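Topology and contacts: notes
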Amino acid sequence: MNSFSWPDPPSQNAYPIAKAGYPFITASAFTTAVFALLGLTVPALLGLVVTCFICFFFRDPERAVPNTKNALVSPADGKVILVENQTDSRFTEGPCTKVSIFMSVFNVHVNRIPCDGVVKKVDYYPGKFFSANLDKASADNEHNAVFLQTEDGKPICMVQIAGLVARRIICSVHEGHHVSRGQRMGLICFGSRVDLYLPPGFTPTVTKGDRVKAGASVVGVLE
């Protein structure tokens, strides 16, 4: 029987919302209230729809994280758009396996740590804003790379990539932080992508087209 854990303290709210969403929700709700007080029915209704969507977008559900030995969990909700071996990359030294996950505006956008370890470095790059499902988004788009070292010394890189609409990457971990598998570590606002660069010894358990959930879905095993 599989066991699970909760890397973050459970929320006391019935509908948890990421803190980063509060300013957007407040602004939209305030604008909607103004329209309603002015008797502008159509704008008020549209504002209500927008406010509800923003609440939906910034939802932050609790996730039970599998305790499977050597397993790496998905860092994001969405669709796997790439699983391939690479001889080299700008985020690794030597060969690696790259796993890319695309998040549409309908997915949960809270990102989570794929494995237990230590944050060795966080590197932010202010780039462009191509659609996140394009190959060139990995190199050219605004992104934030989190370099991790597993408990047995293996390097893993997790890259948060802004998309066509996204204009804000949030990362809550810093160099030297000890992190846990499935722990919340940030989010990307309004459509985006996360890439994982994994060392030799990683065996993927997902393929292109699979749907995954951050913290809950196992993307592979690192021996």
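See the structure above.
In this text the structure is predicted, and so the values were computed from the model without any measurement. (Residues numbered from 1 in each chain as written. Predicted model: local features only at pLDDT ≥ 70, side-chain atom pairs only at ≥ 80, totals over all residues. Heavy atoms only, no water.)

1. Overview of the sheet that holds strand E3 (residues 71-73)
With antiparallel pairing, three strands are arranged side by side in an open sheet as E3-E16-E14. If you trace the sheet from one side to the other, it starts and ends with E3 and strand E14 (202-204), each paired once. Within the sheet, the average angular offset between the axes of one strand and its neighbour, ignoring direction, is 30°. Examined bridge by bridge, E14 and strand E16 (residues 218-222) share three bridges and lie antiparallel to one another. Bridge pairing in E16 places Thr203 opposite Val221. (Pairing = 2+ DSSP bridges. Helix = DSSP H or I, 4+ residues; strand = E, 2+ residues; numbered from the N terminus. Axes fitted to C-alpha atoms, helices over the stretch in contact; angles between N-to-C directions.)

2. Examining helix H1 (residues 22-37)
An ideal rise of 1.5 Å per residue puts 22 Å on 16 residues; H1 measures up with 22 Å between its terminal C-alpha atoms. Residues of H1 that are buried include every one of Ile25, Ser28 and Thr32, and no others. Each buried residue of H1 sits inside an arc of 75° when the element is viewed along its axis, so together they form one side. Away from its buried face, by an angle of more than 90 degrees, H1 presents the exposed residues Pro23, Thr26, Phe30 and Leu37. Where H1 is buried, its residues contact helix H2 (41-57). After H1 finishes, the residue Gly39 shows a positive phi value of roughly 75°. (Expected span 1.5 Å × (residues − 1). Buried < 20%, exposed > 50% of the residue type's maximum accessible area, 1.4 Å probe, protein only. Arc of directions from axis to C-beta. Contact = heavy atoms within 4.5 Å.)

3. A few points about the packing of aromatic side chains
One pass over the full model with this rule turns up five aromatic pairs. Note on Phe57 and Phe58: the rings are 4.9 Å apart at their centroids and 80° apart in plane angle, and the pair reads as edge-to-face. A single burial state applies to Phe57 and to Phe58, both of which are buried. Taken together, the aromatic side chains of Phe24, Phe57 and Phe58 make up a single cluster linked through ring pairs. (Phe/Tyr/Trp six-rings, centres within 6.5 Å; stacked < 30°, edge-to-face > 60°.)

4. Looking at the side chain of Asn107
The residue Asn107 is located in the loop between strand E5 (96-103) and strand E6 (110-112) in this model. Classification of Asn107 by relative accessible area gives buried; the value is 16%. A polar atom in the side chain of Asn107 sits 2.9 Å from the backbone nitrogen of Ser104. Not counting residues within four places of it along the chain, the set of residues in contact with Asn107 comprises Phe57, Arg59, Asp77, Gly78 and Phe102. (Polar contact = N/O pair within 3.5 Å; in protein donor to acceptor, adjacent residues only side chain to side chain.)

5. Remarks on the pairing of strand E12 (residues 184-188)
Within E12, five of the five residues are buried, leaving the element largely enclosed by the surrounding structure. Relative to E12, E6 is paired through three bridges, and the arrangement is antiparallel. Its bridge partner lying in E12, Val110 is registered against Leu187.

6. Brief notes about the nonpolar core
Core analysis: the biggest nonpolar cluster contains 27 residues, and Leu72, Leu148, Ile156, Leu196 and Leu198 have the highest contact counts within it. Looking at this core, the elements that each hand over two or more residues are E5, strand E8 (143-150), strand E9 (155-162), E12, strand E13 (192-198) and E16. Those residues in contact with Leu72 that lie beyond four places of it in its chain are Pro114, Cys115, Ile156, Leu198, Phe202, Ser217, Val218, Val219, Gly220 and Leu222. Grouped together as the second largest cluster of nonpolar side chains are 13 residues, Ile17, Ile54, Val110 and Cys189 included. (Core = buried A, V, L, I, M, F, W, Y, C linked by side-chain atoms within 4.5 Å.)

7. Some points on the pattern of salt bridges
Here the structure, examined in full by the defined rule, presents seven salt bridges. Taking the shortest distance from any N to any O, the salt bridge between Asp8 and Arg112 comes out at 3.9 Å. Highlighted residues: Asp8 in the loop between strand E1 (4-5) and H1 and Arg112 in strand E6, separated in sequence by 104 residues. The exposure class assigned to Arg112 is buried, which follows from its relative accessible area of 3%. In this structure, Asp8 engages Arg184 in a salt bridge whose closest nitrogen and oxygen atoms are separated by 3.3 Å. Placement of Asp8 in the loop between E1 and H1 and of Arg184 in strand E12 is noted, with a sequence separation of 176 residues between them. Of the two residues examined, Asp8 and Arg184, each falls in the buried class. Here the residues in one salt-bridge network are Asp8, Asp60, Glu62, Arg112 and Arg184, joined through shared partners. (Salt bridge = Lys/Arg side-chain N within 4 Å of Asp/Glu carboxyl O.)

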